[in-house]
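Chain by chain, the residues:
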Amino acid sequence: MLDQGAPPQDRPSPPSTPRATGLVGRLMRRKPVELLVAEGGQGEGGSLRRSLGMWQLTMISIGATLGTGIFVVLGESVPKAGPAVTISFVIAGLTALFSALSYAELAGSIPVAGSSYSYAYATMGELIAWVCGWCLVLEYGVSVAAVAVGWGEYLNELLDGTIGVTIPDALSAAPGEVDGAIINLPGLIVVLLAMVFLLGGAKESATANTIMVIVKIAALVLFCTIGFMGFKSGNYADFMPLGTAGVSAAAASLFFSYIGFDAASTAGEEAKNPQRDLPRAIMLSLIIVTALYVLVAAVAVGAWNWTDFEGSEATLAAIMNDVTGQSMWGTILAAGAVISIASVVLTVLYGQTRVLFAMSRDGLVPKVFGKVSKKTGTPRVNTVIVSLFCGALASVIPLGKLVDATSIGTLFAFGLVNIAVIVLRRTRPDMPRTFRVPLGWLFPVLGFGFCAYNMFSLDSVTWAVFGVWMAVGLVFYFLYGMSRSRLASAEK
């Protein structure tokens, strides 16, 4: 029988929190780690079910990470960096690695659904936690939309190769992306399909995701095998045509490809053994994803001149068609990509709902996001609201704008996670840790530095969008969350 969590009366009494005084004191109030853990799984009207093992957690992280970044964003990044895009992948991967180490330490110590939001709440206070949570809404919610947009490109490739028809631009592209575009219907459809899976339950969704992850890895291995047949060393002759600035710009955009490795940390309240399995799942998923990314990018640039990537859609499928002279292989890859990208939508959407679940339990967002169905053990209303929001974004906003907006929000949240490791080590040095970032504070400091470097490589428009997003979030916090916070209620 699945563990649905101990009933509230059997749980240890949460520790009391010191009363915050003054505005600064209220903004900096922290939620004790013991309280975060004691509340694990508890929602409005029900409890999340602990049904996920290490294998499923690893597949969730791979499912959330491996997809659009290599199938779609590669085509947009090569024109920025040229063949040196392989270095861009490594830089983005190093940024993710240092942050992944910090995530692994905190996930093993604070195994809760809120991911970096909860880590910030325990270490840096409520305002910083809210900012982090608001960034996660940008990371997960907007990236679901971006991934869904890319899904439509490969769906058209698959339809063209099988039945000889495609969805017209008016119904498969966002307004302004191409002339006459009205709505990206495929993007909306894939989000709604993911919503249906999630409403069935976490375990059922994890099983479906595992099958899709196996398919996507097989598709990428197939691409590397065939793409290597068309490898031309001359394509690497002008290795860095746009200089280091191009490599940096591509790395900042490609960081989008690594978004999702932290998805396992959002499953902390549905994992069977979170302290042991979460750190392992996070690190293992990142290693697998990075190896595949670098290999696929190297083969792709070797098979095509870097200038050919400009404006290409369904890039990997197009390369396979070009190398073999047959459309069959591109169609097979497109089928794999359709399944692969759908798994990213599924798992990232899952992560978004769990972050909002944790924020709702803390009183910072409306209670409706914390309601749990007794039948499925999932936050059903939360899932429907988030899915409709992400589907709407996917249907009307172009891919490029979504990618950069997602990257800057994620980099900011990851930077805070690295700081949280340092703070928690200083304030709670004796707290049990199932994983520790090696070399003391060095890696968290490097992780923060890499995040800052990639953030400042993004263009001014992205920064302006981020600034507006954060301003809206702060207004919401001061008008709603600050007074309704459960910590604030406990002090009255």
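Everything numeric in this text was worked out from a predicted model, so none of it was measured.

Rules used in this analysis
Residues numbered from 1 in each chain as written. Predicted model: local features only at pLDDT ≥ 70, side-chain atom pairs only at ≥ 80, totals over all residues. Heavy atoms only, no water. Helix = DSSP H or I, 4+ residues; strand = E, 2+ residues; numbered from the N terminus. Expected span 1.5 Å × (residues − 1). Bend = angle between axes of the 7 residues up to and from the residue. Buried < 20%, exposed > 50% of the residue type's maximum accessible area, 1.4 Å probe, protein only. Contact = heavy atoms within 4.5 Å. Core = buried A, V, L, I, M, F, W, Y, C linked by side-chain atoms within 4.5 Å. Phe/Tyr/Trp six-rings, centres within 6.5 Å; stacked < 30°, edge-to-face > 60°.

Draft legend 1. Region of the structure containing helix H18 (residues 460-484). Its 25 residues give H18 an end-to-end C-alpha distance of 35 Å, which sits within 8% of 36 Å, the value for a rise of 1.5 Å per residue. Along its length, H18 shows its largest kink, about 50°, at Tyr477. Buried within H18 are the following residues: Thr462, Phe466, Trp469, Met470, Gly473, Tyr477, Gly481 and Met482.

Draft legend 2. Spotlight on the environment of Ile419. If you trace the backbone, Ile419 turns up in helix H16 (residues 399-427). Ile419 sits 28 residues away from Gly447 along the chain, and the two C-alpha atoms are 9.0 Å apart. Residues within four places of Ile419 in sequence aside, it is in contact with Met124 and Phe448.

Draft legend 3. A look at the nonpolar core. Counting 149 residues, the largest nonpolar core has Phe71, Leu74, Phe89, Tyr154, Phe223 and Leu316 as the members making the most contacts within it. The element that contributes the greatest number of residues to this core is helix H7 (residues 126-162), accounting for 21 residues. Sequence-distant contacts of Phe223, defined by excluding residues within four places in its chain, comprise Phe228, Val296, Val299, Ala300, Leu316, Ile319, Met320 and Leu333.

Draft legend 4. Representation of the packing of aromatic side chains in the model. Counting across every chain of the model gives 18 aromatic pairs. Taking 5.6 Å as the distance between ring centres and 55° as the angle between the ring planes, the aromatic pair formed by Phe412 and Phe466 counts as tilted. Taken as a pair, Phe412 in helix H16 and Phe466 in helix H18 lie far apart in primary sequence, 54 residues in all. Taken together, the aromatic side chains of Trp130, Trp134, Trp469, Phe476, Tyr477, Phe478 and Tyr480 make up a single cluster linked through ring pairs.

Purely geometric numbers; function is a separate question.
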